[in-house]
Each structure stands twice: as structure tokens, then as C-alpha cells.
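Chain by chain, the residues:
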Amino acid sequence: MINIIKVELYRIKKSVLFWVMFGLSAAIPLLDILLTLVVSAIAGDVSGGMLDMLGLDVTSSLLQQMTTVASDAMLLSLITSAVLLSREFADGTMRNVMLANKSRAQLYFSYLITALIIAATYLSMFFITSLLFGATIFGFGSLSAGDIISACLCSFALGLIAVMFVQTCVCMFLFGVRKQWATILFPLLICIFVPSIVQSILIIVEMVLTMQGKVMQTGSLRWIPFINMSQYNPANIDGVIVGMNILYMCVFTAVFAVSGYFTFKKADLK
């Protein structure tokens, strides 16, 4: 299995797509930071109170972004792993790989680990750029050193868990459908639209409650999948939100991984 991972990583690092997406993962936080600075400059307050006021919000926003399944770093890694890892099926060479005495379990988990490495690399680049430039320029407000470390570590850990969700979803379609277009399209739709659908349902429920003269309790949002991601605040970490986020992501990840493996195990690749 290790040899398969080494071969795939060697092939991937030779790909132009990998490096383009890697560069975008580093550039996107910079673009967010530059946009904020431009807005401040237009307001004529580059060195004044506006940056002080926005500082913690901007840094927290950058950290919070990477914990969601629809973040830029997640989607870039999704596209990269889906395109590059599906080439064996697109080129019709996967059966030849299996004939080389490689079990389906070895192939499945080798590709999954490779996908996780790609995504973790992009996430790390996003994280480093956010801290290197975002935290340097905007700072962390009045947070203590302990709170800053907690915010960074917790955000990165949640990002890694989101990586597992996204990449197991990719591998589920990669080995379940074995079509390149499906491996790219369906995980994208899940990561982008499922949180939006849940948000829309929540809005409808809130409207119905309002019409009935009732108010939705804000605390209840912490228990709703995908919505609790948007409730996460690195500057004020809520243990319930973090715990529920981890629980839901781990459950979905397990479902994707098991479903993808057993579908591939029973598939006829002739």
C-alpha cells in the first residue's frame, strides 16, 4: 500500500494542476487580506481605528473559513484529488493495476490516504498564509496567548476533520461510480449545496415559527449539522459547537468511507 501511495504522490507532484491549485490555496487568504486593506484605504483609514476594529474579525474569519466543507481550500483540494486520482478509471488502466496483485482494499485506502495528503497540504498552506499575513497585519485583538494558540489549533483540527469529510466523499464516488465527471461533480454539489439546503430549511422553519409568534432559540443551531460550522468562532470557542461538529463530520466520514469501499469491493471491473 505504501508503494501505491508513493507512486501516486510522485505522479501528482508532476501535475501542473496540483501546483496551480496549491498556489491558489496560498493566494486566496492574501486576496481576502488585500481586499480588506483596499476597503480600509478607500475609507481613508489604513493606519487608523478601522483596522484595529476589524483586526480580530478578519483573523477569526480566515481561521473559521478553513473549518467548513465549502471553503476555498476544501474545494480546490476536492477538484485536484478528483481529477488526478480518477485518471486510472478514465484511462481504463485500473484493471491493469489490480492484475498486479493489488487488492481492492489496498487500492481504495491508498487512494484515500493520497487524497487526504493532497487536501491536508492545501489546508496547511491556507493556514500558514492566513497566520503569516492575516495575523501579522490584523492581529488577534485582545486575545491572550493561550486563547490565540487554542484558536489556531482548534481551527486547524476542525479543518482536518472537514478534509476527511470532503475526501472520503470524493473516494466514495471515485470507487463507487468510477466516472471522472461524477467524481468531480457530485462531491462538489454535496459540499456546496447541502449546507445551503440545510440553511434554507432552517430559514423556512424560522419563518413558520415567527408566523406562529414563536422564536427559534439561537442555542439550538449548535445541534444542526453544517449550520454549527457557521456558528464556530475561533475567538470564542464553544465546546458544544466543536464537539457536535466533530461528531457529525466523523459520522458522515465513516458512512462515506464504508459505502465507497464495499461498493468498490463488489464492483465488476471487467
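Check the entry above for the structure.
Residues numbered from 1 in each chain as written. Predicted model: local features only at pLDDT ≥ 70, side-chain atom pairs only at ≥ 80, totals over all residues. Heavy atoms only, no water.

Asks: Would you explain the environment of S259 in this entry?
Replies: For S259, the location among the structural elements is in helix α11 (residues 239–266). Put simply, S259 and F175 are 84 residues apart on the chain and 9.6 Å apart in space, counted from C-alpha to C-alpha. (Helix = DSSP H or I, 4+ residues; strand = E, 2+ residues; numbered from the N terminus.)

Asks: Help me out: how do you make sense of the packing of helix α7 (residues 104–138) against helix α8 (residues 145–176) in this one?
Replies: Each pair of packed helices gets described by two things: the angle between the helix axes and the distance between those axes. One can describe the packing of α7 onto α8 by two numbers: an axis separation of 9 Å at closest approach and a directional angle of 145 degrees. Judged by the sense of rotation from one axis to the other, the crossing of α7 with α8 is right-handed. Together, L107, Y108, Y111, L112, A115, L116, A119, A120, L123, S124, F127 and L131 of α7 and C152, F156, G159, L160, V163, M164, Q167, T168, C171, L174 and F175 of α8 make up the contact between the two elements. Split into classes, the residues belonging to the contact of α7 with α8 amount to 19 nonpolar, four polar and no charged. (Axes fitted to C-alpha atoms, helices over the stretch in contact; angles between N-to-C directions. Left-handed = near helix turned anticlockwise from the far one by under 90°. Contact = heavy atoms within 4.5 Å. Nonpolar A, V, L, I, M, F, W, Y, C, P; charged D, E, K, R; others polar.)

Asks: Explain the nonpolar core to me, please; I cannot follow it from the model alone.
Replies: Nonpolar side chains in soluble globular proteins tend to be buried together. If you look at the biggest cluster of nonpolar residues, it comprises 55 residues, and the most contacted ones within it are V69, Y108, F165, V166, F175, C191 and M249. Of all the secondary-structure elements, those providing two or more residues to this core are α1 (2–13), α2 (16–42), α4 (72–85), α7, α8, α9 (180–211) and α11. With 14 residues, the top contributor of residues to this core is α8. In this structure, C154, L158, I241 and V242 belong to the second largest nonpolar core, which totals five residues. (Core = buried A, V, L, I, M, F, W, Y, C linked by side-chain atoms within 4.5 Å. Buried < 20%, exposed > 50% of the residue type's maximum accessible area, 1.4 Å probe, protein only.)

Asks: Would you mind showing me how to read unusual backbone geometry here?
Replies: It is generally the case that most residues other than glycine have a negative phi and that most peptide bonds are trans. Notably, R178 is not glycine yet its phi reads approximately 60 degrees, a positive angle. Exposure remark for R178: the relative accessible area of 23% places this residue in the partly exposed category.

Asks: Could you clarify how one ought to interpret the pattern of salt bridges in this entry?
Replies: One side chain can pair with another of opposite charge once the charged atoms of both are near each other. Applying the stated criterion across every chain, the model contains one salt bridge. Here E8 and R11 are joined by a salt bridge, their closest N and O atoms 2.3 Å apart. Remark: R11 and E8 occur in helix α1; sequence separation between them is three residues, near one turn of the helix. (Salt bridge = Lys/Arg side-chain N within 4 Å of Asp/Glu carboxyl O.)

Asks: Would you take a moment to explain α4 for this structure?
Replies: Three- or four-residue spacings in an α-helix give side chains the same orientation, since the helix completes a turn every 3.6 residues. With 14 residues, α4 extends 20 Å from end C-alpha to end C-alpha; this agrees with the ideal 20 Å at 1.5 Å per step. Among the 14 residues that make up α4, twelve are buried, leaving the element largely enclosed by the rest of the structure. Every buried residue of α4 is accounted for by A73, M74, L75, L76, S77, L78, T80, S81, A82, V83, L84 and L85. (Expected span 1.5 Å × (residues − 1).)

Asks: Where do I start with the environment of Q106 in this structure?
Replies: The topology assignment puts Q106 in helix α7. A sequence separation of 101 residues divides Q106 from I5, and the C-alpha atoms of the two residues are 9.7 Å apart. Side-chain polar atoms of Q106 contact the backbone nitrogen of S103, separated by 3.0 Å. (Polar contact = N/O pair within 3.5 Å; in protein donor to acceptor, adjacent residues only side chain to side chain.)

Asks: Which parts of the structure should I look at to understand a nonpolar patch on the surface?
Replies: Together, W181, L185, L189, I192, F193, I197, I201 and V205 make up an exposed nonpolar region whose accessible area comes to about 720 Å². By secondary structure assignment, the location of L185 is in helix α9. (Patch = residues over 30% accessible without salt bridge, like charges linked within 9 Å, V, L, I, M, F, W, Y side chains within 5 Å. Areas by Shrake-Rupley, 256 points an atom, 1.4 Å probe, with all protein chains shown as cover.)

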